[in-house]
Amino acid sequence: MAAPMNSCYLGFDFSTQQLKVVAIQENLDLIHQNNVQFDSELPEFRTQGGVHVHPDGLAVTSPVLMWVKALDLLLEKMKVAGFDFSSVKALSGSGQQHGSVYWRRGARQALRNLHPDKPLHELLQDQFAVESSPVWMDSSTSDQCSNLEKCVGGAQAVADITGSRAYERFSGNQIAKIHQLNSDAYSDTERISLVSSFAASLFLGDYAAVDYSDGSGMNLMDIFLKRWSPTCLQATAPGLEDKLGAPVPSTAVLGDVSSYFVKRFGFPKDCKVVTFTGDNPGSLAGMRLQEGDVAVSLGTSDTVFMWIKEPKPTVEGHVFCNPVDSQAYMALICFKNGSLTRERIRNSCAGGSWDVFSEGLRGTCMGNQGNIGMYFDTMEITPPAVGIYKFNKDDQRVSDFTEQEEIRALVEGQFLAKRLYAEKLGYKIMPGTRVLATGGASSNMDILQVLSDVFNAPVYTIDLANSACLGCAYRALHGLVAEGGLTFQEAVRNAPKPQLAVSPTPGALKVYEEQLRRYRQLEEIILRDTKQ
Ligand code: XUL
């Protein structure tokens, strides 16, 4: 039976700096969006950019209760805005990838008995064995990564099983560190969730399973067999399989929303909770990525991802299970120095104004007269390097650019790195290639023009700068019909199509092939020097 027109679907995104939600109707029209900014709206947690960077500069965590309180606040804001919770048929969501949450023994009981008179953060304040959750920006687990690669037979062997070599931010290595340095907390942990499955657990009123796609970012799951790898589990921590629960397909319906939400906000009793996933998989769904497209997401982290059928994991980049098609995969490359670095250069070279930043791009020409910059404010993930490197047209290291040159050097450098690593993963720009852009910076046409020129391909955007929550609202809708065999593409065929934003400037191909060649060589030199 067709659902009435006023039924709606919610998609949440628990990202690094904020919690967002969108609501779509049965016809996929967007009817509500809202958000909670962690730093400004929950100042009591004293985060900067949603995180705490520890004194060693390597460990990065977020208070798990902040995420819980953000959900309390978001739902209150929706209520005040007159949102009708009784029309929600299903909800799903995403979370920043790799972050891990440690539920204390007895937390399942607490989740099952949430009293509707109280906010969640009061009810759950004592239910976490680790209060500061490690997040994706963390790079403090080199020892654990070396150990995993040693136990499994090398970096490529870990990639062959889990889709990625051992990465410091990947949850398994974070879990190993907690087990080693905080063994009491580890023993006191009943269940370990990812940020995504933790958020789903709040709605479900019970522990929610990890989905295949986000589970691929842990260095623990066999992405081909879609179950935890015994070798990786054993190399990580004892008794881990029980603490993780079995992973499930990303389209699975987990159950009905907890009675807490029915009584407190008026959700229907049979409102379904569809498995939550990672923010990048959520974006893949929101952008309705097709084979051959390359997606570039410009957020706190910048990511590049592609839809792939026959994955061949390597020691660069990641392969994840695909969130909307269980037969397919997605390749992903993550760059840590994304929007925070763009904001820093905007502040230092453009007086804090995006308009002036854009003028800087328009006032300089393609190729930046041979100047090349690499801006790794914090330890980068791709490539593993830190520091600011500026080169003139003769490949000589220089200490200064003009303000306008600096702006262009940053943006070109960021996009050259994206093209370089996408090509290393086997991606080829062909006639018909589309670059799909999303994330905060995708609303800036001058930044997109540079993207289009560097990739020598047209850039498309979708209306909403934040595609992860939209993708999860689509996934909520698809989750209800997936078991009947309807594909994701069929379920969302009427969604707005990505719109052409900019096309490459004539002559871009030649300029950037040369810049790319130089960028690759200069990067190799930096990496060689870093290792010495
Ligand atoms: C992906 C990654 C980041 C986070 C940001 O591997 O680490 O993109 O998902 O939220």
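Reading the values: the criteria
- The numbering scheme is per chain: residues are counted from 1 as the chain's sequence reads.
- The predicted nature of this model means local features are confined to residues of pLDDT at least 70 and side-chain atom pairs, given and counted, to a pLDDT of 80 or more, with totals for whole chains, interfaces and linings taken over all residues.
- Excluded from the side-chain calculation are hydrogens and water; included are all heavy atoms of the structure.
- Secondary structure elements are taken from DSSP: a helix is a run of H or I of four residues or more, a strand is a run of E of two residues or more, and numbering for both begins at the N terminus.
- A radius of gyration in this sense is built from C-alpha atoms; the matching globule rule multiplies 2.2 Å by the number of residues raised to 0.38.
- We call a residue buried when its accessible area falls under 20% of the maximum for its residue type, exposed when it is over 50%, and partly exposed in between, using a 1.4 Å probe and counting protein chains only.
- Contacts were defined at the residue level, with two residues in contact if any of their heavy atoms lie within 4.5 Å.
- In this description, accessible areas are obtained by the Shrake-Rupley approach with a 1.4 Å probe, and a residue is regarded as covered only by the protein chains that are shown.
- The convention is simple: Lys and Arg are positive, Asp and Glu are negative, and His and the chain ends are not counted.
- The location of each charge is read from NZ of Lys, CZ of Arg, CG of Asp or CD of Glu.
- Helix axes use the C-alpha atoms of the stretch in contact, all axes being lines fitted to C-alpha atoms, and the angles between their N-to-C directions lie in the range 0 to 180 degrees.
- For classification purposes, angles smaller than 35 degrees are called roughly parallel, those larger than 145 roughly antiparallel, those between 65 and 115 roughly perpendicular, and all remaining angles oblique.
- Following the grouping adopted for this structure description, the nonpolar residues are Ala, Val, Leu, Ile, Met, Phe, Trp, Tyr, Cys and Pro, the charged ones are Asp, Glu, Lys and Arg, and the polar ones are all others, Gly among them.
- Here, any two strands with at least 2 DSSP bridges between them count as paired.
- Each patch groups residues whose relative accessible area exceeds 30% and which form no salt bridge, using 9 Å between like charges and 5 Å between nonpolar side chains of Val, Leu, Ile, Met, Phe, Trp and Tyr.
- By definition, a salt bridge exists where a carboxyl oxygen of Asp or Glu is found within 4 Å of a side-chain nitrogen of Lys or Arg.
- Start and end points for every domain follow an automatic or database-based domain assignment.
- Contacts described as polar in this section are N or O atom pairs within 3.5 Å, which, within protein, must combine one atom able to donate a hydrogen with one able to accept it, while residues neighboring in sequence count only if both atoms come from side chains.
- Near residues are defined by distance, with any heavy atom within 4 Å of the molecule or strand qualifying the residue.
- We call Phe, Tyr and Trp rings a pair once their centres come within 6.5 Å, taking the six-membered ring for Trp, and we label the pair stacked below 30 degrees between planes, edge-to-face above 60, and tilted otherwise.

This part takes up the overall build of the protein chain. Scanning the protein chain for helices and strands turns up 21 helices and 23 strands. Against the compact-globule benchmark of 24 Å for 532 residues, the protein chain has a radius of gyration of 22 Å, which places it among compact chains. Counting all 532 residues of the protein chain, 61% fall into the buried class. Look at the contacts in the protein chain between residues 6 or more apart in sequence, and 72% of them connect residues 24 or more apart. Carbon and sulfur atoms provide 49% of the accessible area of the protein chain, an area that totals close to 20400 Å². The average position of the 49 basic charges and that of the 60 acidic charges among the side chains of the protein chain differ by 2 Å.

Let us look at the packing of helix α14 (residues 279-286) against helix α19 (residues 467-482). Taken N-terminus to C-terminus, the directions of α14 and α19 make an angle of 70°; their axes are 7 Å apart at the nearest point. Considering their axes alone, α14 and α19 lie roughly perpendicular with respect to each other. Residues Asp279, Gly282, Ser283, Ala285 and Gly286 of α14 lie in contact with α19, whose contacting residues are Ser467, Ala468, Leu470, Gly471, Cys472, Tyr474 and Arg475. Partitioned by chemical class, the residues of the contact of α14 with α19 number five nonpolar, five polar and two charged.

Pairing is antiparallel across the open sheet formed by three strands, whose spatial order is β4-β5-β8. Each edge of the open sheet carries a strand with a single partner, namely β4 (52-53) and β8 (132-134). When strand β5 (residues 60-63) meets β8, the two strands line up antiparallel, connected through three bridges. When the bridges of β8 are listed, Ser62 appears paired with Ser133. Packing of helix α2 (residues 64-80) onto the sheet brings it into contact with β5 and β8, and relative to β5 it is tilted by some 40°.

Below, the discussion takes up a nonpolar patch on the surface. A cluster of nonpolar side chains, contributed by Val253, Leu480, Val481 and Leu486, occupies part of the molecular surface with about 250 Å² of accessible area. Here Leu480 shows up in helix α19.

What follows concerns the domain arrangement of the protein chain. Parsing the protein chain into structural domains produces domain 1 (8-141 + 171-218 + 247-275) and domain 2 (288-463 + 498-532). For domain 1 and domain 2, the distance between their C-alpha centres works out to 30 Å. In this assembly, 13 residues from domain 1 lie in contact with 15 residues from domain 2. Counting across the interface, domain 1 meets domain 2 through zero salt bridges. Applying the counting rule to domain 1 against domain 2 returns four residue pairs in polar contact (both at pLDDT 80 or more).

Turning our attention to the environment of Val296. With respect to the helices, strands and loops of the structure, Val296 is situated in strand β15 (residues 294-298). A sequence separation of 163 residues divides Val296 from Val459, and the C-alpha atoms of the two residues are 9.6 Å apart. Not counting the four nearest positions on each side in its chain, Val296 is found in contact with Thr303, Val304, Lys418, Val435, Leu436, Ala437, Thr438 and Leu451.

A separate point is the site of the ligand. Surrounding the ligand, one finds Thr16, Gln96, Gln97, His98, Trp136, Arg169, Asp279, Asn280, Ser301, Thr303, Leu332 and Cys334. The backbone of Gln97 places a nitrogen or oxygen atom 3.0 Å from an oxygen atom of the ligand. In this structure, Arg169 approaches the ligand through a side-chain N or O atom, which is 2.8 Å from an oxygen atom. In the complex, the protein chains occlude 98% of the 290 Å² of accessible area that the ligand would expose alone. For the shell around the ligand, the secondary-structure elements that each account for two or more residues are α14 and β18 (329-335). Grouping the amino acids of the shell around the ligand by side-chain chemistry returns three nonpolar, seven polar and two charged. Counting the residues that make up the shell around the ligand, at least three belong to each of domain 1 (8-141 + 171-218 + 247-275) and domain 2 (288-463 + 498-532).

Note that side chains of opposite charge can pair when their charged atoms are close. Tallied over the full model, the rule gives 24 salt bridges. Across the pair Arg165 and Glu149 runs a salt bridge, and its minimum N-O distance is 3.1 Å. A residue pair is termed long-range when its members are at least 10 positions apart, and Arg165 in the loop between α6 (155-162) and α7 (171-181) and Glu149 in helix α5 (residues 142-152) qualify at 16 residues. What makes Arg165 partly exposed here is its relative accessible area of 29%. Glu149 sits in the buried class, given a relative accessible area of 12%.

Turning to the pairing of strand β16 (residues 302-308), a few remarks are in order. Within β16, six of the seven residues are buried, which leaves the element mostly enclosed by the surrounding structure. Linking two consecutive strands that pair antiparallel, namely β15 and β16, is a turn of three residues. In the sheet, β16 pairs with β18 via seven bridges, with the strands oriented antiparallel. Looking across to β18, one finds that Trp307 is bridged to Met330.

The tally for this structure, following the rule as stated, stands at 20 aromatic pairs. Both rings, one in Phe261 and one in Phe267, keep their centres 6.0 Å apart while their planes meet at 85°; by these two values the pair is edge-to-face. Considered together, Phe261 and Phe267 belong to a single accessibility category, that of buried residues. Through a chain of ring-to-ring contacts, three or more aromatic side chains come together here, namely Phe12, Phe83, Phe85, Phe203, Tyr260, Phe261, Phe265, Phe267 and Phe276.

This brings us to unusual backbone geometry. Between Thr382 and the following residue, Pro383, the backbone shows a cis peptide bond with an omega angle of -5°. Phi at Asn368 takes a positive value of approximately 50°, unusual for a residue other than glycine. On the secondary structure map, Asn368 appears in the loop between α16 (354-362) and β19 (372-376). Residue classification places Asn368 among the buried residues on the basis of a relative accessible area of 2%. You will see that Gln369, though not glycine, has its phi angle at about 50°, which is positive. On the secondary structure map, Gln369 appears in the loop between α16 and β19. Gln369 sits in the exposed class, given a relative accessible area of 59%.

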